[in-house]
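Results of the structural survey
Each chain, letter by letter, is given below.
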Amino acid sequence: QVQLVESGGGLVQPGGSLRLSCAASGSIFRINNMGWYRQGRGNQRELVASITSDGSTDYADSVKDRFIISRDKAKNTLALQMNSLKPEDTAVYYCNADLVARNLLRYNYWGRGTQVTVSS
């Protein structure tokens, strides 16, 4: 069993910053790609940023130059530094991990999400 737990969401004014964290725990052998997704009200879930096991990153055009994704492989953690936040960034943010469990089978896990609200 594997758990992904997000933290760091909240209410922030436009132009402000937030840092999201995700901790993976449980029967983990190796984590491959990790990513942050978000789902705004009435919208489909979309990829915000992803990072591979060797540290290569990719970002949605809407967050490039504002958000930074990072991970600590030793601690199985993922972070998203969000700067210059806009009201359209308001959404529930989800952590995602593509991993190999100790049974050597591959799984894809999601966290429960953390709410980010950008409003004055």
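Just so you know, these numbers come straight off a predicted model, no measurement behind them.

Examining the environment of alanine 97
- Counting through the fold element by element, alanine 97 comes out in strand S9 (residues 91–101).
- For alanine 97, a relative accessible area of 0% puts it in the buried group.
- Sequence separation between alanine 97 and leucine 11 is 86 residues; the distance between their C-alpha atoms is 26 Å.

Thoughts on the state of the cysteines
- Scanning all chains against the criterion turns up one disulfide.
- Covalently, cysteine 22 is tied to cysteine 95 through a disulfide, its sulfur atoms 2.1 Å apart. The sign of the -75° torsion about the S-S bond sets the cysteine 22-cysteine 95 disulfide as left-handed. Residue cysteine 22 is found in strand S3 (residues 18–26), and its partner cysteine 95 is found in strand S9; the two are separated by 73 residues along the sequence.

Quick notes on the pairing of strand S4 (residues 28–39)
- Two strands pair when backbone bridges link them, and S4 and S9 are joined in this way by nine bridges, in the antiparallel orientation. Bridge pairing links isoleucine 31 to leucine 99 in S9.
- Examined bridge by bridge, S4 and strand S5 (residues 46–51) share five bridges and lie antiparallel to one another. Looking at S5, one finds that arginine 38 is bridged to glutamate 46.

Conventions adopted
Along each chain, numbering runs from 1 in the same order as the chain's sequence is written. It should be noted that, the model being predicted, local features are given only for residues of pLDDT at least 70 and side-chain atom pairs only at 80 or more, the latter also being counted only at that level, while totals for whole chains, interfaces and linings use all residues. Side-chain measures were taken over the full set of non-hydrogen atoms in the model, leaving aside hydrogen atoms and water. Secondary structure elements are taken from DSSP: a helix is a run of H or I of four residues or more, a strand is a run of E of two residues or more, and numbering for both begins at the N terminus. Three labels apply to residues, based on accessible area from a 1.4 Å probe with only protein chains included: buried if under 20% of the type maximum, exposed if over 50%, partly exposed otherwise in between. Any pair of cysteine sulfurs within 2.5 Å is marked as a disulfide. By the convention used here, strands pair only if DSSP detects at least 2 bridges between them.

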